[in-house]
Amino acid sequence: SQYAEPIRATTICEPDGTPVLDQNLVVSQYAELIPQLASMARSMVRDLDPQNNLQFLRIRSKNHEIMVHSDSEFTLIVIQNPAATE
């Protein structure tokens, strides 16, 4: 049988969302928006528990699964095909 490619894209971003390497338009859009979402999620976690810090975020939709590691120095984004993981 034919399997879908699990990893669609990866990128590393500066804290402001600027990709470290030039990427295609879709990856650049994720790189711009995901750090903002991670920052909001981190704030929510801290509001619930000031001693805690969000380190990893996983978002799954019908077409994509996005895994994010974010810290003060960089954000790592991995976009994969959820159908390939089933």
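Coordinates for the structure precede this section.
Residues numbered from 1 in each chain as written. Predicted model: local features only at pLDDT ≥ 70, side-chain atom pairs only at ≥ 80, totals over all residues. Heavy atoms only, no water.

**Focus: the nonpolar core**
Selection criterion: Take the buried Ala, Val, Leu, Ile, Met, Phe, Trp, Tyr and Cys residues and link them wherever side-chain atoms come within 4.5 Å; each set so joined is a nonpolar core. Throughout, exposure labels follow a simple rule: accessible area from a 1.4 Å probe, protein chains only, divided by the maximum for the residue type, with under 20% read as buried, over 50% as exposed, and the rest as partly exposed. Secondary structure elements are defined from DSSP: runs of H or I of at least 4 residues count as helices, runs of E of at least 2 residues count as strands, and each element is numbered from the N terminus. Contact between two residues is taken to exist if any of their heavy atoms lie within 4.5 Å; hydrogens are not considered.
Ranked by internal contacts, the top residues of the largest apolar core, which has 15 residues, are Tyr30, Ile34, Leu57, Ile66, Val68, Ile77 and Ile79. At the level of secondary structure, the elements contributing two or more residues to this core comprise strand S1 (7–13), helix H1 (25–48), strand S3 (65–70) and strand S4 (75–80). Element by element, the count of residues in this core is highest for H1, at 7 residues. Here Ile77 is in contact with Ala9, Thr10, Thr11, Cys13, Tyr30, Ala31, Ile34, Ile66 and Met67, once residues within four sequence places are set aside.

**Points about H1**
Rule in force here: Between the first and last residue of a helix there are one fewer steps than residues, each counted as 1.5 Å, and that sum is the expected span.
If you check H1, its first and last C-alpha atoms are 35 Å apart, about what 24 residues at 1.5 Å a residue would give, namely 34 Å. The set of residues buried in H1 consists of Val27, Tyr30, Ala31, Ile34, Pro35, Ala38, Ala41, Arg42 and Val45. Those residues of H1 that are buried are in contact with S1, strand S2 (56–60), S3 and S4.

**Looking at the pattern of salt bridges**
Stated precisely, the cut-off is as follows: Whenever Lys or Arg places a side-chain nitrogen within 4 Å of a carboxyl oxygen from Asp or Glu, that contact is recorded as a salt bridge.
Under the definition given, this model contains 1 salt bridge. As a salt-bridge pair, Glu65 and Arg58 come within 2.4 Å of each other at their nearest N and O atoms.

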